[in-house]
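This is what each chain is made of:
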Amino acid sequence: MEGLIELNQCRVCKNKELNKFLSLGSMPLANSFIKKERIASSEAYFPLDVCFCSVCGMVQLAQVVDPQIMYKDYNYTTGTSEPMKAHFNGLATQIVKKFNLPTGSLIADIGSNDGTLLQQFKDMNMRVLGIEPASNVAPLARAKGIDTVEEFFSEGPARKIRSGWGQPMVITATNVFAHVNNLDDFIIGIFNLLDDRGIFVVEVPYMVEMLKKVEFDTIYHEHLSYFALRPLVALFKRFHMQIIDVERLEVHGGSIRIYVSKGEKKTEAAVDSLIRSESQSGFDRIDTYGKFAQRVNRIRDGLVTLLKSLKIQGKSIVGYGAPAKGNTLLNYCKIGTETLDYIADTTDFKQGCFSPGSHIPVISFDGFYANPPDYALLLAWNYADAILNKEWSYRQSGGKFIVPIPEPKII
Ligand code: TYD
Ligand code: ZN
């Protein structure tokens, strides 16, 4: 298939026997919202299958879509999401404090998007450099005065950056690591670029949380890897880097933040203790993943049954939020315009578009408030707390939310 590569070995340990445990079917890219004038054109569909490596414990997609196709026009801007802005503010403060960074230190952010995280460092008088391949968001960062190199990060660009800007004391990569196909090349780039005393900070959704809360909709083509801590430790070790600390985070349904240094350093107890808890909970065994696949099927069946019965009762239902993950959910469950009248979303460039595959119109919240639906399917469940609070008046006047995971529930 054009633009698609089958993964023939584990991305971390190179084991060639991967166990496929979940097939979500063939679907369009989760962020490829369709502009009105293109609604009649055909969309590219790619299979979405997940496999487990029983050697190192890595969970990964069985196929890789060409990044040139996926990230050409990347429809995601960090700055549009208030909770993420707050999160990044906390991250910048934490890093500066934890490592006693002197002002003027160079900080590089990979996948810097619109510069939201770097802006926080800049406000703390650090030197900042963004690395962002999407040609439509990099200029947004530059407009804020944040130097941005328009590249997919890897060994080559790392060398160029090192000679142009020097070696950063901190390199951050938030929600980008799971998107990288060739991790070897990426980490060699980090090793060469980072100052010898420097720290590489990575935030990734935590696979263990994804499984526990059945967040199967966070599986989409952009997310090539689903990390537990154990394979991450093994991965960095191959490149003489060491995970010295780990923190659990609430963002994106449960994430981990890891701190990685060059060479041997003292490791915090949190690292070993998290790895131990992973194996105690069975995340090193294939049957755990088979059970997850069964739970995913049950969510689909339960949700479809619930929505059907509400439609039969004549209820109006809309989607709340149009995150990428919503499109996995809708396409896997085959939910379309027969069920959802529209999807309301705060993001400018999604409004007026149609959801990929399911072709549901995305509109602003004006329509939602003007004519509140009986039910709102919470596709942006990662912001459930903030949204349920914000929408108290909709709820007080009888509006209900449907939260799809870990099992469909009406609130
Ligand atoms: P996001 O959390 O970035 O998820 P993903 O990585 O799966 O795309 O997306 C959240 C979406 O929800 C985004 O399009 C903005 C929208 N949203 C709202 O419409 N209203 C809200 O109150 C919040 C918090 C988000
Ligand atoms: Zn492996």
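Sequence positions are assigned chain by chain, starting from 1 and proceeding in written order. Think of it this way: whatever chain is written first is A, whatever ligand is written first is 1, and the rest follow in order. Given that the model is predicted, a residue must reach a pLDDT of at least 70 before its local features are reported, and side-chain atom pairs must reach 80 or more before they are shown or counted; all residues, however, enter totals for whole chains, interfaces and linings. Here the side-chain values reflect all heavy atoms present in the structure, with hydrogen atoms and water set aside.

### Considering the overall build of the protein
Our working rule: Runs of E in the DSSP output that reach at least two residues are strands. Runs of H or I that reach at least four are helices, and both are numbered from the N terminus. What the globule rule says is 2.2 Å times the number of residues to the power 0.38, and the radius of gyration is computed from C-alpha atoms. Only protein chains enter the accessibility calculation, which uses a 1.4 Å probe. A residue is then buried if its area is under 20% of the maximum for its type, exposed if over 50%, and partly exposed in between. The contact rule is simple, with two residues in contact once any of their heavy atoms fall within 4.5 Å. The Shrake-Rupley method, run with a 1.4 Å probe, gives the accessible areas here. Residue values count only the displayed protein chains as cover. A positive count includes Lys and Arg, and a negative count includes Asp and Glu. His and the chain ends are not counted in either. One atom stands in for each charge, and that atom is NZ of Lys, CZ of Arg, CG of Asp or CD of Glu.
When helices and strands are tallied, the protein shows 14 helices and 19 strands. The C-alpha radius of gyration computed for the protein amounts to 21 Å, which stays within 12% of the reference 22 Å derived for 411 residues, consistent with globular compactness. When burial is assessed residue by residue, the protein has 55% of its 411 residues classed as buried. Considering only contacts in the protein between residues 6 or more positions apart, those separated by 24 or more positions represent 69%. About 17,400 Å² of surface is accessible on the protein, with carbon and sulfur atoms providing 51% of the total. For the protein, the distance from the average position of its 45 positive side-chain charges to the average position of its 45 negative side-chain charges is 3 Å.

### Some thoughts on the environment of Val-271
For Val-271, the position within the fold is in helix 9 (residues 269-280). With a relative accessible area of 4%, Val-271 lands in the buried category. Along the primary structure Val-271 and Ile-243 are separated by 28 residues, whereas in three dimensions their C-alpha atoms are 7.6 Å apart. In this view, Val-271 contacts Leu-229, Val-233, Ile-243, Ile-244, Asp-245 and Val-246; residues no more than four positions away in its chain are not counted.

### A short note on the domain arrangement of the protein
Selection criterion: Domain extents, as shown, originate in an automatic or database domain assignment. Buried surface area refers to the total accessible area, computed with a probe of radius 1.4 Å, that the two partners give up upon joining, counted for both partners together. In the sections that follow, a salt bridge refers to a side-chain nitrogen of Lys or Arg positioned within 4 Å of a carboxyl oxygen of Asp or Glu. Pairs of N or O atoms within 3.5 Å make up the polar contacts considered here, provided that, within protein, one atom can donate a hydrogen while the other can accept it, and that residues adjacent in sequence are counted only when both atoms are side-chain atoms. Residue classes follow a fixed rule: Ala, Val, Leu, Ile, Met, Phe, Trp, Tyr, Cys and Pro count as nonpolar, while Asp, Glu, Lys and Arg count as charged, and any other residue, Gly among them, counts as polar.
Splitting the protein by domain gives domain 1 (4-63), domain 2 (78-264) and domain 3 (287-410). Each of domain 1 and domain 2 has a C-alpha centre, and these two points are 23 Å apart. On the side of domain 2, 19 residues touch domain 1, which itself brings 23 residues to the contact. Here domain 1 meets domain 2 over a buried area of about 1,700 Å², counting both sides, of which 63% is carbon and sulfur. Broken down residue by residue, the surface that domain 1 buries against domain 2 is led by Arg-11, Val-12 and Leu-61, which jointly contribute 33%. Linking domain 1 with domain 2 are 1 salt bridge, by the criterion used here. Close ionic contact of Asp-184 with Lys-14 constitutes a salt bridge, the shortest N to O distance being 3.1 Å. At the boundary of domain 1 and domain 2, one finds 11 residue pairs in polar contact (both at pLDDT 80 or more). Of all the elements in the fold, those that place two or more residues in the side of domain 1 that touches domain 2 are strand 2 (19-27), strand 3 (46-52) and strand 4 (59-61). Looking at the side of domain 1 that touches domain 2 residue by residue, the classes come out as 17 nonpolar, 4 polar and 2 charged.

### Thoughts on the coordination of the zinc ion (ligand 2)
As a reminder, the rule being used: With water omitted from the atoms examined, metal sites may look incomplete; donors here are N, O and S atoms no farther than 2.8 Å from the metal, or 3.2 Å in the case of Na, K and Ca. Every angle between 85 and 135 degrees makes a four-donor site tetrahedral, while opposite donors more than 155 degrees apart, with all other angles between 65 and 115, make a four-donor site square planar and a six-donor site octahedral; other sites are irregular.
Those donors, Cys-10 (SG), Cys-13 (SG), Cys-53 (SG) and Cys-56 (SG), are the protein atoms that reach the zinc ion (ligand 2), and they lie 2.3 Å from it. If you look at the zinc ion (ligand 2), its 4 donor atoms make angles of 100 to 116° with each other, and the shape they trace is tetrahedral. Within one chain, the residues serving as donors to the zinc ion (ligand 2) are arranged as C-x2-C-x39-C-x2-C. You can see Cys-13 sitting in the loop between strand 1 (4-6) and strand 2 and its partner Cys-53 sitting in the loop between strand 3 and strand 4, a full 40 residues away along the chain. By relative accessible area, which is 0% here, Cys-53 ends up buried.

### Side note on the nonpolar core
Put simply, the rule reads: For our purposes a nonpolar core is just a set of buried Ala, Val, Leu, Ile, Met, Phe, Trp, Tyr and Cys residues, chained together by side-chain atoms within 4.5 Å.
Phe-177, Phe-200 and Ile-219 are the most contacted members of the largest nonpolar core, which totals 132 residues. When residues in this core are grouped by element, the largest group, 9 residues, is from helix 10 (residues 286-312). If sequence neighbours within four positions are ignored, Ile-219 has contacts with Leu-22, Leu-24, Leu-48, Val-50, Leu-61, Met-210, Tyr-226, Phe-292 and Thr-328. Listed in part, the 6 residues of the second largest apolar core include Leu-4, Phe-46, Val-65 and Met-70.

### Observations regarding the pairing of strand 6 (residues 106-110)
What counts, and what does not: Paired strands, as defined in this entry, are two strands with at least two bridges between them according to DSSP. Handedness is read with the strands pointing away from the viewer; a crossover is right-handed when the path from the first strand over the helix to the second is clockwise.
Counting buried positions over the 5 residues of strand 6 gives 5, a clear majority of the element. The two faces of strand 6 match: Leu-106, Ala-108 and Ile-110 on one face and Ile-107 and Asp-109 on the other face are all buried. In terms of strand pairing, strand 6 meets strand 7 (residues 127-131) through 5 bridges, oriented parallel. Residue pairing across strands places Asp-109 opposite Gly-130, the latter belonging to strand 7. The handedness of the strand 6 to strand 7 crossover, carried by helix 3 (residues 116-123), is right-handed. Note: strand 6 against strand 9 (residues 170-174), 3 bridges, orientation parallel. In the sheet register, Ile-107 faces strand 9, and the bridge partner there is Val-170.

### Remarks on the sheet that holds strand 3
Selection rule: Lines are fitted to the C-alpha atoms to define the axes, a helix being fitted only along its stretch in contact, and any angle between axes, read from their N-to-C directions, falls within 0 to 180 degrees.
Across the sheet, 4 strands lie side by side as 2-3-4-11; this open sheet has antiparallel pairing. Edge positions in the sheet fall to strand 2 and strand 11 (225-226), since each has one partner strand and no second. When strand 3 meets strand 4, the two strands line up antiparallel, connected through 3 bridges. Bridged to Cys-51 within strand 4 is Gln-60. Along the sheet, helix 10 makes contact with strand 2, strand 3 and strand 4, crossing strand 2 at roughly 30°. Together, strand 2 and strand 3 form the strand contacts of helix 11 (residues 324-333), whose direction differs from that of strand 2 by roughly 85°.

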